[in-house]
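Given next are the chains, with one letter for each unit.
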Amino acid sequence: MSEQPIISIQNLGKVDGDKVWFHPFTFQLNQGEVAAIQCDHIVGKVLLSILTGQDAGSGKVCYFGQNDYPPSRWKRYSNRIGLVQHEEGIYERLTPYEYLKFHQQLYGKKADIDELLHKVNLSAKKSQGIKKLTFSERKRLSFAKALVHKPALVILEEPDQNIDLESKVILSSLINDHKAEGGAALIITSNMESAVIITNEVYRLNEDGLKKMDVQEPDEQQEEVENEQQEPESSTQVHLERIPAKVKEKIILFDPTEIDYVESVDGTVQLHVKGGVFPCTITLQQLSERLEPFGFFRCHRSYIVNLQDLKNVLRM
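Not measured: the values here are computed from a predicted model.

Structural notes on the side chain of Ser142
Item 1. Inspection of the secondary structure assignment puts Ser142 in helix α5 (residues 135–147).
Item 2. In contact with Ser142, not counting residues within four places along its chain, are Val84 and Glu88.

Concerning the layout of surface pockets
Item 1. Looking at the largest pocket, its volume works out to about 510 Å³.
Item 2. Within the residue set of the lining of the largest pocket, elements represented by two or more residues are α1 (41–51), α2 (74–77), β5 (81–84), α3 (96–107) and α5.
Item 3. Ranked by the residues each element gives to the lining of the largest pocket, the list is headed by α3, at 4 residues.
Item 4. Each residue belonging to the lining of the largest pocket can be placed in one class, and the counts come to 10 nonpolar, 8 polar and 6 charged.
Item 5. Taken as a whole, the second largest pocket spans an internal volume of roughly 380 Å³.
Item 6. Around the second largest pocket, the lining comprises 21 residues; the ones closest to its centre are Asp40, Arg204, Leu205, Asn206 and Lys274.
Item 7. Counting only elements with at least two residues in the lining of the second largest pocket, the list comes to β2 (19–29), β3 (34–39), β8 (202–206) and β15 (276–279).
Item 8. Of the residues assigned to the lining of the second largest pocket, the class counts are 9 nonpolar, 6 polar and 6 charged.

Quick notes on the pattern of salt bridges
Item 1. Counting across every chain of the model gives 14 salt bridges.
Item 2. The partner of Lys119 in a salt bridge is Glu115, and the shortest N-O contact between them spans 3.9 Å. Residue Lys119 and its partner Glu115 are located together in helix α4 (residues 113–119), separated by 4 residues, close to a single helical turn.
Item 3. Since its relative accessible area comes to 31%, Lys119 is described here as partly exposed.
Item 4. Lys211 serves as the salt-bridge partner of Glu258, at 3.3 Å between the closest nitrogen and oxygen. Of this pair, Glu258 sits in the loop between β12 (250–254) and β13 (261–265) while Lys211 sits in strand β9 (residues 209–212), and the two are 47 residues apart along the sequence.
Item 5. Judged by relative accessible area, Glu258 falls into the buried class, the value being 8%.
Item 6. Lys211 gets classed as partly exposed once you look at its relative accessible area, which sits at 32%.

A short note on the packing of α3 against α5
Packed helix pairs are specified by the crossing angle of their axes together with the interaxial distance, meaning the distance between the axes.
Item 1. Where α3 meets α5, the axes come as close as 9 Å, and the angle between the chain directions of the two elements is 25°. When the interaxial angle is binned, α3 and α5 end up roughly parallel. Seen from above, α3 lies across α5 with right-handed handedness. In this structure, α3 contributes Pro96, Tyr99, Leu100 and His103 to the contact, and α5 contributes Leu141, Ala144 and Lys145.
Item 2. Here the contact of α3 with α5 is built from residues that sort into 5 nonpolar, 1 polar and 1 charged.

So, the sheet that holds strand β17 (residues 303–306)
Item 1. Reading across the sheet, the 5 strands line up as β15-β14-β13-β17-β16 and stay open at both edges, with antiparallel pairing between neighbours. Each edge of the sheet is formed by a strand with only one pairing partner; in this case those strands are β15 and β16 (296–300). Strand-to-strand twist across the sheet, computed as the mean angle between neighbouring axes with direction ignored, equals 25°.
Item 2. Taken together, the 5 bridges between β13 and strand β14 (residues 268–273) define a ladder with antiparallel strand orientation. The residue of β14 that forms the bridge with Tyr261 is His272.
Item 3. Its contacts with the sheet place helix α10 (residues 284–291) against β13, β14, β16 and β17, and it is angled at close to 25° to β17.

Topic: a nonpolar patch on the surface
Item 1. Residues Tyr91, Phe102 and Leu106 make up a contiguous nonpolar surface patch of roughly 310 Å² in combined accessible area.
Item 2. With respect to the element layout, Leu106 can be found in helix α3.

Topic: the pairing of β12
Item 1. Most of β12 is tucked away: 5 of the 5 residues are buried.
Item 2. Here β12 shows no split at all, with Lys250, Ile252 and Phe254 on one side and Ile251 and Leu253 on the other all buried.
Item 3. Alignment of strand β10 (residues 214–216) against β12, held across 3 bridges, turns out to be antiparallel. Counted as the bridge partner of Gln216 is Ile251 from β12.
Item 4. Of the pairings in the sheet, the one linking strand β11 (residues 243–247) to β12 comprises 5 bridges and is antiparallel in character. Looking at the pairing, Pro244 lines up with Leu253 of β12.
Item 5. Hairpin connection of β11 to β12: 2 residues between the antiparallel strands, including Lys248 at a positive phi of 55°.

Some details on the nonpolar core
Item 1. One finds Val262, Leu271 and Leu287 to be the most contacted residues of the largest nonpolar core, which totals 53 residues.
Item 2. With 5 residues, the top contributor of residues to this core is α5.
Item 3. Not counting residues within four places of it along the chain, the set of residues in contact with Leu271 comprises Ile243, Pro244, Ala245, Phe254, Ile259, Tyr261, Val262, Gly276, Val277, Phe278, Cys280 and Leu287.
Item 4. With 32 residues, the next largest nonpolar core counts Ile7, Leu48, Leu51 and Ile81 among its residues.

Conventions and cut-offs
- Residues numbered from 1 in each chain as written.
- Predicted model: local features only at pLDDT ≥ 70, side-chain atom pairs only at ≥ 80, totals over all residues.
- Heavy atoms only, no water.
- Helix = DSSP H or I, 4+ residues; strand = E, 2+ residues; numbered from the N terminus.
- Contact = heavy atoms within 4.5 Å.
- 1 Å grid on protein atoms, 1.4 Å probe; cavity = no way out; pocket = protein on both sides within 12 Å on 5 of 7 lines; lining within 4 Å.
- Points joined across faces, edges and corners; volume = space filled by probe spheres on them.
- Nonpolar A, V, L, I, M, F, W, Y, C, P; charged D, E, K, R; others polar.
- Salt bridge = Lys/Arg side-chain N within 4 Å of Asp/Glu carboxyl O.
- Buried < 20%, exposed > 50% of the residue type's maximum accessible area, 1.4 Å probe, protein only.
- Axes fitted to C-alpha atoms, helices over the stretch in contact; angles between N-to-C directions.
- Parallel < 35°, antiparallel > 145°, perpendicular 65-115°, else oblique.
- Left-handed = near helix turned anticlockwise from the far one by under 90°.
- Pairing = 2+ DSSP bridges.
- Patch = residues over 30% accessible without salt bridge, like charges linked within 9 Å, V, L, I, M, F, W, Y side chains within 5 Å.
- Areas by Shrake-Rupley, 256 points an atom, 1.4 Å probe, with all protein chains shown as cover.
- Core = buried A, V, L, I, M, F, W, Y, C linked by side-chain atoms within 4.5 Å.

The following block contains the structure:
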């Protein structure tokens with residue numbers, strides 16, 4: 001018998017009057033998996049409010065294989081879920097140790113608090129008032145709080161926004177350890193770079209719904225290019241339909257229809273995609289040749305525009 005998914009989302013959509021937050025989508029996260037959903041910050045808040053039972057949309061959200069999830073049932077599963085919100089209240093008069101001890105007792109679990117404080121590098125400040133911690137240190141404490149009851153699933157909203165490099169490294173380590181222990185994690189972020197750094201399982205959510213992004217390691221991209229060069233000319237069009245952009249040490253492959261325009265800035269080619277800017281790994285001339293069949297026009301030596309988007313702008 002196959003194991004039930006940690007979270008299953010079926011035909012979930014959200015519309016308020018004339019405002020379409022996102023069209024219905026389906027998504028599943030299993031034990032030992034980490035996925036990131038990249039979306040506008042406000043859309044992320046709407047999604048999180050549905051996932052935590054504060055709001056409702058069309059469709060269904062099921063946790064741990066249960067099919068009885070109305071919004072009022074969130075608390076039924078909260079002891080198996082760790083939550084990190086972008087803006088969450090914290091008891092400033094407590095010390096980090098007292099704060100984690102409170103949540104440990106709240107859930108009736110016996111996690112090693114000293115070990116958790118060590119993992120988030122707060123051991124030296126465990127008896128210091130939380131109000132004296134920096135923003136990044138408070139965020140690391142929130143990470144520890146989400147894990148203090150050893151949850152099966154962790155949901156994190158904008159976890160690395162405005163935190164220092166040390167905290168970002170700690171976040172990645174915590175997620176990797178949680179995954180290695182069989183846990184699952186869902187990250188909701190407005191930053192594509194953050195999503196790609198944490199995991200290769202990246203999705204974009206907007207009014208059109210949810211789309212899985214094609215994220216590859218550099219060696220995978222090189223292998224694809226080599227295979228592409230070996231293909232006969234008649235079949236190369238399939239490979240040219242995805243445009244590579246580099247995010248840190250990983251490659252994201254975009255469909256041409258997603259690209260709004262391309263520009264060259266100080267010798268660096270940049271793709272503008274739905275408000276995001278991504279460095280491209282090929283030249284502007286190569287892009288011009290690849291994108292022309294999809295309705296793009298090189299209007300300047302430094303710009304390639306999507307004529308479909310241009311028409312939409314002119315109609316406004």
